[in-house]
Amino acid sequence: MTATELGLPALRTATTRDPARPADARLVDSFGRVATDLRISLTDRCNLRCHYCMPAEGLDWMPREEQLTDDELLRLVTIAVRDLGVEELRFTGGEPLLRRGLEGLVAASAALQPRPDISLTTNGVGLARRAEALAAAGVNRLNVSLDTLRPDRFASITRRDRFDDVLAGMRAARDAGLSPVKINTVLLRGVNDDEAVDLLRFALDEGFELRFIEQMPLDAQHGWERTEMVTAGEIMAALSEHFTLTPDPAHRGAAPAERWVVDGGPTMVGIIASVTRPFCGACDRTRLTSDGQIRSCLFARTETDLRAMLRGGSTDAEIADTWRDAMWGKLAGHGIDDPGFLQPDRPMSAIGG
């Protein structure tokens, strides 16, 4: 099945440069933001079936021939770091551990100059046996998705019985020096919204850093309802009954998580409130999908096709300038509160976190 048949967003190829765009080599946009953080989706495939992300039967995965090869992906990463001022790389999925040769991709990226900061977002399944190799290849830190501490709930949410594997992976990553290991948690109303305090206590005991993420309209089923989302305010209220939370004195910058010091420190807890407390004004991210499309925003309705340029003989300079054009056109915000907001056609598993 082709991308068109899957109903993926309209694509843009090379464009004529907007005369208003400044002669700046970086990925600047018309609102003064500069993208220095590249999120790279390595695959749309996943070995879990979280019900807030995809249906039980999974999705129609991307054909292999549409996916970037290792050489193509590394060429784009090189252009981003060498020519466009990208300083941070985050490998995501789907589930990035399903990408063959992941450690090689990381090592090649770590060899670039200037050396980018490299992180990984994973569901943790299979991490235990690969944490040391990933650290040796050049991963600096990672995030692991974990929504519950109850194995029965984990199996219900993910439709897979892999709770023990995920915990083992988190501990292996910590022991391999990939710290602080950050836990990404989505609270679901009526499902696990009673576990906020327990999850934070677990993180404190284990030396992990917990980050709650408001559920976003990025599910494949397009069933997201704002009224069903557990908000940042609700999460703070629940935690504040049991912990003393002090705002992080460090400047937040472009970080998506607002952070608090827990009980005087040193442990922090964060909340990514993309819906109720959007941080679009400070966004520094540019996104590359596994089939070579540039997205200026997680919620973008359009994409810019760099894969066609790679396979059509374009030079690095031409690709870089097309990437700059794509980011110059970035909108001011994600528009979730706008009356005309439309959820992206691609689900989170195909965009990358």
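Every value quoted in this text rests on a predicted model; they were computed, and no experiment measured them.

Turning our attention to the overall build of the chain. Assigned secondary structure in the chain consists of 10 helices and 15 strands. For 353 residues, the compact-globule formula gives about 20 Å, and the C-alpha radius of gyration of the chain, at 20 Å, lands near that figure. Structurally, the chain occupies a C-alpha span of about 55 × 45 × 40 Å along its principal axes. Considering the chain as a whole, with its 353 residues, one finds that 54% of them fall into the buried category. In the chain, of all internal contacts separated by at least 6 residues, the share reaching a separation of at least 24 is 74%. When the accessible surface of the chain is totalled, it reaches about 14,600 Å², and 51% of it is carbon and sulfur. When the 42 basic and 53 acidic side-chain charges of the chain are each reduced to a single mean position, those positions are 2 Å apart.

Here we come to the UniProt feature "binding site: [4Fe-4S] cluster 2" (unreviewed entry) in the chain. The feature "binding site: [4Fe-4S] cluster 2" (unreviewed entry), as given by UniProt, occupies Cys280, Cys283 and Cys297 in the numbering adopted here. Despite a sequence span of 18 residues, these residues sit close together in the fold, their greatest C-alpha distance being 9.2 Å. Relative to the helices and strands, Cys283 resides in the loop between strand 12 (268–272) and strand 13 (285–288). Judged by relative accessible area, which is 14%, Cys283 ranks as buried. Residues contacting Cys283, with those up to four places away along its chain left out, are Arg33 and Lys330. Its location among the elements puts Cys297 in the loop between strand 14 (293–295) and strand 15 (302–305). Once you skip the residues sitting within four places of it in the chain, Cys297 turns out to touch Arg287 and His334.

In terms of residue burial, strand 9 (residues 209–213) counts as a mostly covered element, since five of its five residues are buried. As defined by bridge partners, strand 8 (residues 182–185) adjoins strand 9 across four bridges and the pair is classed as parallel. From the neighbouring strand, Thr185 faces strand 9, where its bridge partner is Phe212. Each parallel crossover has a hand, and for strand 8 linked through helix 6 (residues 196–206) to strand 9 it is right-handed. Examined bridge by bridge, strand 9 and strand 12 share four bridges and lie parallel to one another. The partner of Leu210 across the bridge, within strand 12, is Val269.

Overall, the coordinates contain two aromatic pairs when judged by the stated rule. Seen in terms of ring centroids, Phe154 and Phe163 are 5.8 Å apart; in terms of plane orientation they differ by 70°. Their pairing is edge-to-face. Each member of the pair, Phe154 together with Phe163, is buried. Taken together, a centroid distance of 5.9 Å and an interplanar angle of 50° make the contact between Phe202 and Phe208 tilted.

Moving on to the pattern of salt bridges. Enumeration according to the criterion identifies 27 salt bridges in this entry. As a salt-bridge pair, Arg259 and Asp248 come within 3.2 Å of each other at their nearest N and O atoms. Of this pair, Arg259 sits in strand 11 (residues 258–262) while Asp248 is found in the loop between strand 10 (245–247) and strand 11, placing the two residues 11 residues apart along the sequence. Since its relative accessible area comes to 17%, Asp248 is described here as buried. Here the residues in one salt-bridge network are Arg21, Asp321, Arg324 and Asp325, joined through shared partners.

Before going further, it helps to spend a moment on the nonpolar core. One finds Ile40, Leu76, Leu146, Phe212, Leu239, Val269 and Trp323 to be the most contacted residues of the largest nonpolar core, which totals 96 residues. Aside from chain neighbours lying at most four places away, what touches Leu146 is Phe154, Phe163, Val166, Leu167, Met170, Ile183, Asn184, Thr185 and Phe202.

Reading the values: the criteria
Residues numbered from 1 in each chain as written. Predicted model: local features only at pLDDT ≥ 70, side-chain atom pairs only at ≥ 80, totals over all residues. Heavy atoms only, no water. Helix = DSSP H or I, 4+ residues; strand = E, 2+ residues; numbered from the N terminus. Rg over C-alpha atoms; globule rule 2.2 N^0.38 Å. Buried < 20%, exposed > 50% of the residue type's maximum accessible area, 1.4 Å probe, protein only. Contact = heavy atoms within 4.5 Å. Areas by Shrake-Rupley, 256 points an atom, 1.4 Å probe, with all protein chains shown as cover. Lys, Arg positive; Asp, Glu negative; His and termini not counted. Charge placed at Lys NZ, Arg CZ, Asp CG, Glu CD. UniProt positions renumbered as here; feature names shortened; annotations may be inferred. Pairing = 2+ DSSP bridges. Right-handed = clockwise from strand over helix to strand, strands pointing away. Phe/Tyr/Trp six-rings, centres within 6.5 Å; stacked < 30°, edge-to-face > 60°. Salt bridge = Lys/Arg side-chain N within 4 Å of Asp/Glu carboxyl O. Core = buried A, V, L, I, M, F, W, Y, C linked by side-chain atoms within 4.5 Å.

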